[in-house]
There are 2 protein chains.
Amino acid sequence: MKIVLDGMGGDDAPQINVDGAIAALREFDDVEIALVGPQQVLEQALSACADKEGYGLVKSRLSIVDAPEVITPQEHPVMALRRKKNSNFCVGMDMVRRKEADAFVSAGSTGALMAGAMFKLGRIKGVGRPALATLLPVPGRPLLMVDAGANVDCKPEWVVEFGLMGSAYMRRVMNVDKPQVGLLNIGAEAAKGNEQAQETYKLMAQEQPFEFCGNVEARDALTGCCDVLATDGFAGNVLLKNTEGVVSLLFGMIKKELMGSMKGKVAALLAKDSFRALKKSFDSTEIGGAPLLGVEGTVIKAHGNSNARAIFCALRQARSVVLSGVTDVIREELALMTRAPEAQEEKPQA
Amino acid sequence: MKIVLDGMGGDDAPQINVDGAIAALREFDDVEIALVGPQQVLEQALSACADKEGYGLVKSRLSIVDAPEVITPQEHPVMALRRKKNSNFCVGMDMVRRKEADAFVSAGSTGALMAGAMFKLGRIKGVGRPALATLLPVPGRPLLMVDAGANVDCKPEWVVEFGLMGSAYMRRVMNVDKPQVGLLNIGAEAAKGNEQAQETYKLMAQEQPFEFCGNVEARDALTGCCDVLATDGFAGNVLLKNTEGVVSLLFGMIKKELMGSMKGKVAALLAKDSFRALKKSFDSTEIGGAPLLGVEGTVIKAHGNSNARAIFCALRQARSVVLSGVTDVIREELALMTRAPEAQEEKPQA
């Protein structure tokens with residue numbers, strides 16, 4: 001399979017992308033990678049790797065596809081895509097559209113990635129809105145949150161679809177048997193929440209091609225009560241960022257508190273390995289990126305602050321997603337989905 | 001001043017309320033407390049305190065007001081208030097309405113407390129919706145979040161009012177000079193967020209009787225970048241519950257990790273005091289309760305799982321709020337507020 005990797009995505013591009021690509025090619029024999037971006041810049045980054053161990057073995061499966069223009073996260077996604085036809089996003093997505101490649105991976109602009117996927121690949125038939133799915137970096141039972149921030153104003157039926165797509169992903173990519181889909185809400189009872197959450201609950205409680213386990217409060221989201229957390233992108237993003245913020249705040253406070261006394265310093269020394277293990281379990285690097293579910297193709301958004309290891313993980317994830325056939329599963333299951341009558345009528349124009 | 005305390009509120013009622021009341025009366029000479037609830041139940045709880053230290057000194061300032069009916073958190077608030085005219089909430093709120101008491105404190109049903117306050121005390125003129133304000137239990141600069149869950153579907157102008165009321169509270173009750181009001185959003189830029197957040201931003205950016213410091217992401221909310229976090233009650237509740245959940249999860253994981261090795265056990269022993277201090281800084285007990293801002297009177301919601309200390313803290317807070325005159329400040333400042341033209345027209349019917 002061939003994966004297109006945005007050579008210019010991420011704070012530390014292009015080197016992280018080149019290094020991540022080489023690592024992935026060494027690990028997976030069945031993968032080819034096309035680095036997309038300004039030819040000269042990428043060639044220079046590649047030439048810096050010429051002496052690296054194993055590069056000689058994989059370079060035949062690594063190519064550069066010239067895209068002289070680059071879209072940055074600071075640009076307006078839709079305007080930039082229209083203006084920069086020869087950009088990393090346009091050239092890369094076109095390859096996936098023409099079936100010259102199987103997946104697109106980028107640590108660049110989330111907006112450009114999403115808009116590019118919508119315009120170039122299109123939505124899977126029946127999908128109201130594609131959504132970003134994020135595996136929350138918590139230990140034990142992994143939790144996939146859909147939507148993590150792509151759709152800030154949602155119709156209830158879209159959130160139901162997020163649940164369906166998340167369930168398909170957990171089954172096919174993460175090998176979870178009968179994933180439990182919860183709805184993020186501010187109380188456990190059916191009548192809790194804002195208008196949108198109440199309507200979504202009603203739809204989810206109908207016959208659906210996934211297992212609905214009811215409302216899930218933010219307090220319980222990270223304690224393993226479900227496999228998929230369906231939510232609108234605003235609340236989802238608040239939960240995601242807040243989790244990151246609280247974890248980082250708490251580790252900082254523990255460090256400061258322990259370093260304030262001699263006893264604490266000794267404790268910190270003794271507990272060094274334990275804290276390292278804990279921090280690692282919250283590290284999003286190993287998770288890969290956030291797949292954009294609901295588009296006709298495999299699209300993975302890697303973190304903007306990715307290092308080479310994170311890019312490797314995102315490429316590994318792209319390979320798993322392609323092999324899993326999850327896009328086909330989503331397409332098939334959407335056809336089975338129970339929809340509110342208005343939603344069915346409205347869909348074709350959406 | 002006289003404070004009405006719901007004798008039947010909280011998981012461990014009535015004893016926590018009786019004990020908390022006695023502690024508050026011992027601390028504050030200028031306070032009288034009326035315990036409201038079924039006379040016999042409260043008398044029995046009081047008689048159990050007859051031998052306690054200091055009870056004799058304060059019992060003249062502690063009275064029981066009979067309310068034979070009790071509204072539980074499981075009941076529909078509005079229906080229960082209509083049916084149970086002699087309930088703790090109706091009898092207590094009526095005392096505040098008739099100016100026989102200055103404040104109402106309850107660890108009971110949030111819904112009944114809010115609906116009771118709305119019906120019996122009424123909104124401050126110009127307030128779209130009263131809101132629950134919660135001081136987030138984070139160290140350093142305290143952060144007041146408004147709304148913490150009372151209003152799950154909000155108009156933008158209500159959220160602006162939450163900012164105004166929160167600012168008044170921080171100035172008058174918490175003695176913060178020029179509180180910075182942030183808007184919870186999923187990005188820093190003005191154009192970020194859902195429709196409601198974008199509209200709220202536009203209104204807040206106009207001339208307002210408080211200091212608006214822009215959008216605040218959930219990642220940064222707990223790191224001291226503002227004093228008041230204005231938000232709709234849905235996102236606010238997600239942030240509040242998620243923070244509690246992540247803190248509790250992390251402390252649990254640290255304990256488990258350390259107890260898994262001999263080195264870890266020694267470290268845990270050495271760091272015992274440090275961890276105790278950290279846990280305390282996240283403990284909501286000392287904070288008191290959540291004031292309901294925007295009603296004509298002082299109303300404090302204490303946690304359902306309050307202990308006697310938490311009830312004491314909520315009573316201490318009620319006293320501070322009454323002395324601060326914050327209700328008058330909110331009334332005066334609302335008159336100065338910049339409103340969108342539609343909002344001004346719509347207000348009288350709201």
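Right above here is the structure, for reference.
All of the points below concern the structure found in this document. (Residues numbered from 1 in each chain as written. Chains lettered and ligands numbered in written order. Predicted model: local features only at pLDDT ≥ 70, side-chain atom pairs only at ≥ 80, totals over all residues. Heavy atoms only, no water.)

### Looking at the overall build of chain A
- Along chain A, the regular secondary structure elements total 14 helices and eleven strands.
- The C-alpha radius of gyration computed for chain A amounts to 21 Å, which stays within 12% of the reference 20 Å derived for 350 residues, consistent with globular compactness.
- Judged by the C-alpha coordinates and their principal axes, chain A covers about 65 × 60 × 35 Å.
- Going through the 350 residues of chain A one by one, you find that 57% of them count as buried.
- Put simply, 73% of the contacts in chain A that link residues at least 6 apart link residues at least 24 apart.
- With an accessible surface of roughly 14400 Å², chain A has 50% of that area assigned to carbon and sulfur atoms.
- Across chain A, the centroid of the 40 positively charged side chains sits 4 Å from that of the 43 negatively charged ones. (Helix = DSSP H or I, 4+ residues; strand = E, 2+ residues; numbered from the N terminus. Rg over C-alpha atoms; globule rule 2.2 N^0.38 Å. Buried < 20%, exposed > 50% of the residue type's maximum accessible area, 1.4 Å probe, protein only. Contact = heavy atoms within 4.5 Å. Areas by Shrake-Rupley, 256 points an atom, 1.4 Å probe, with all protein chains shown as cover. Lys, Arg positive; Asp, Glu negative; His and termini not counted. Charge placed at Lys NZ, Arg CZ, Asp CG, Glu CD.)

### What about the pattern of salt bridges?
- One pass over the full model with this rule turns up 30 salt bridges over all chains.
- When the shortest N-O distance is used, the salt bridge between K52 of chain B and D19 of chain B registers 3.0 Å. With K52 of chain B in the loop between α2 (39-47) and α3 (55-58) and D19 of chain B in helix α1 (residues 15-27), this residue pair connects regions lying 33 residues apart in the sequence.
- Judged by its relative accessible area of 21%, D19 of chain B falls in the partly exposed class.
- One continuous salt-bridge network, built from bridges that share partners, spans E75, R83 and K84 of chain A. (Salt bridge = Lys/Arg side-chain N within 4 Å of Asp/Glu carboxyl O.)

### Describing the packing of aromatic side chains
All names here are of chain A.
- In this structure the tally under the stated criterion is six aromatic pairs over all chains.
- Taken together, a centroid distance of 6.3 Å and an interplanar angle of 10 degrees make the contact between F28 and F312 stacked. Of this pair, F28 sits in the loop between α1 (15-27) and β2 (32-37) while F312 is found in helix α12 (residues 308-324), placing the two residues 284 residues apart along the sequence. One exposure class covers both F28 and F312, and it is buried.
- For the cation-ring pair, K279 lies above F251, with the distance from its terminal atom to the ring centre recorded as 5.6 Å. (Phe/Tyr/Trp six-rings, centres within 6.5 Å; stacked < 30°, edge-to-face > 60°. Lys NZ or Arg CZ within 6 Å of the ring centre and 35° of its normal.)

### Overview of the pairing of strand β4 (residues 103-106) of chain B
Residue and element names in this part refer to chain B.
- Burial along β4 is two-sided: A103 and V105 facing one way and F104 and S106 facing the other are all buried.
- When strand β1 (residues 2-6) meets β4, the two strands line up parallel, connected through three bridges. Residue pairing in the sheet places V4 in a bridge with F104 of β4.
- Pairing of β4 with strand β11 (residues 298-301) involves four bridges; the strand directions are parallel. Residue pairing in the sheet places A103 in a bridge with T298 of β11. (Pairing = 2+ DSSP bridges.)

### Some thoughts on the sheet that holds strand β3 (residues 62-66) of chain A
Residues and elements named next belong to chain A.
- Across the sheet, eleven strands lie side by side as β3-β2-β1-β4-β11-β10-β5-β6-β9-β7-β8; this open sheet has mixed pairing. At either margin of the open sheet sits one strand with a lone partner, and together these are β3 and β8 (211-217). Pairs of neighbouring strands in the sheet enclose a mean axial angle of 25 degrees, with direction left out of account.
- Across five bridges, the pairing between strand β1 (residues 2-6) and β2 is parallel. Across the sheet, the residue bridging to D6 is V36, located in β2.
- Contacting β1, β2 and β3, α1 crosses the sheet at an angle of about 170 degrees to β2.
- Packing of helix α8 (residues 195-204) onto the sheet brings it into contact with β7 (180-185), β8 and β9 (228-230), and relative to β7 it is tilted by some 160 degrees. (Axes fitted to C-alpha atoms, helices over the stretch in contact; angles between N-to-C directions.)

### A few points about the interface of chain A and chain B
- Between chain A and chain B, the contact holds 48 residues from the first and 48 residues from the second.
- The junction of chain A with chain B conceals about 4400 Å² of combined surface from both sides, 72% of it contributed by carbon and sulfur atoms.
- Linking chain A with chain B are four salt bridges, by the criterion used here.
- Where chain A meets chain B, there are ten residue pairs in polar contact (both at pLDDT 80 or more).
- Counting only elements with at least two residues in the side of chain A that touches chain B, the list comes to β7, α8, α9 (233-258), α10 (262-270) and α11 (272-281) of chain A.
- Considering each element in turn, the side of chain A that touches chain B owes the most residues, 19 residues, to α9 of chain A.
- For the side of chain A that touches chain B, the per-class residue count stands at 28 nonpolar, eleven polar and nine charged. (Buried area = accessible area lost by both parts, 1.4 Å probe. Polar contact = N/O pair within 3.5 Å; in protein donor to acceptor, adjacent residues only side chain to side chain. Nonpolar A, V, L, I, M, F, W, Y, C, P; charged D, E, K, R; others polar.)

### Concerning the nonpolar core
- If you look at the biggest cluster of nonpolar residues, it comprises 118 residues, and the most contacted ones within it are L229, L239 and F275 of chain A together with L229, L239 and F275 of chain B.
- Excluding anything up to four places from it in sequence, F275 of chain B contacts I254 and F275 of chain A together with F251, I254 and L258 of chain B. (Core = buried A, V, L, I, M, F, W, Y, C linked by side-chain atoms within 4.5 Å.)

### Focus: the relation of the copies chain A and chain B
- The two copies are related by a screw motion: chain A maps onto chain B through a turn of 180 degrees and a shift of 0.0 Å along the axis, at an RMSD of 0.0 Å. One copy is carried onto the other by what is essentially a two-fold rotation axis. For chain A, the smallest separation between a C-alpha atom and the rotation axis is recorded for A267 of chain A, amounting to 2.1 Å.
- The share of interface residues of chain A whose copies in chain B are also at the interface is 100%, consistent with both copies meeting through the same surface. (Least-squares fit on C-alpha atoms with pLDDT ≥ 70 in both.)

### So, the sheet that holds strand β6 (residues 143-146) of chain B
All names here are of chain B.
- Taken in spatial order, the eleven strands make up an open sheet running β3-β2-β1-β4-β11-β10-β5-β6-β9-β7-β8, and their pairing is mixed. Each of the sheet's edge strands pairs with one partner strand only, and the pair in question is β3 (62-66) and β8 (211-217). When strand polarity is set aside, the average angle formed by the axes of neighbouring strands in this sheet is 25 degrees.
- Relative to strand β7 (residues 180-185), helix α8 (residues 195-204) is tilted by about 160 degrees, and along the sheet it contacts β7, β8 and β9 (228-230).

### A short note on α12 of chain A
All names here are of chain A.
- In a regular helix each residue adds 1.5 Å, so 17 residues correspond to 24 Å; α12 covers 24 Å between its end C-alpha atoms and thus fits that length.
- All of the buried residues along α12 are A310, I311, F312, C313, A314, L315, Q317, A318, R319, V321 and S324.
- For α12, the side-chain oxygen to backbone nitrogen distance between the N-cap and R309 is 3.2 Å, and the N-cap itself is N307.
- Looking at the residues trailing α12, positive phi occurs at G325, about 65 degrees. (Expected span 1.5 Å × (residues − 1).)

### Some details on the environment of V65 of chain B
Residue and element names in this part refer to chain B.
- Note on placement: V65 falls in strand β3.
- A sequence separation of 80 residues divides V65 from M145, and the C-alpha atoms of the two residues are 33 Å apart.
- Those residues in contact with V65 that sit more than four places away from it in its chain are A34, L35, V36, G37, V91 and M95.

### Details of the packing of helix α7 (residues 156-172) of chain A against helix α13 (residues 326-336) of chain A
Residues and elements named next belong to chain A.
- At a minimum axis distance of 9 Å, the contact between α7 and α13 shows a crossing angle of 140 degrees. For the element pair α7 / α13, the angle class is oblique. Every pair of crossing elements has a handedness; the one defined by α7 and α13 is right-handed. Between α7 and α13, the contacting residues are E161, L164, M165, A168, Y169, R171 and R172 on the first element and V326, V329, I330, E333 and L334 on the second. (Parallel < 35°, antiparallel > 145°, perpendicular 65-115°, else oblique. Left-handed = near helix turned anticlockwise from the far one by under 90°.)

### Quick look at the environment of C313 of chain A
All names here are of chain A.
- Tracing the sequence through the fold places C313 in helix α12.
- By relative accessible area, which is 1% here, C313 ends up buried.
- C-alpha of C313 to C-alpha of G193: the two residues are 120 residues apart in sequence and 36 Å apart in space.

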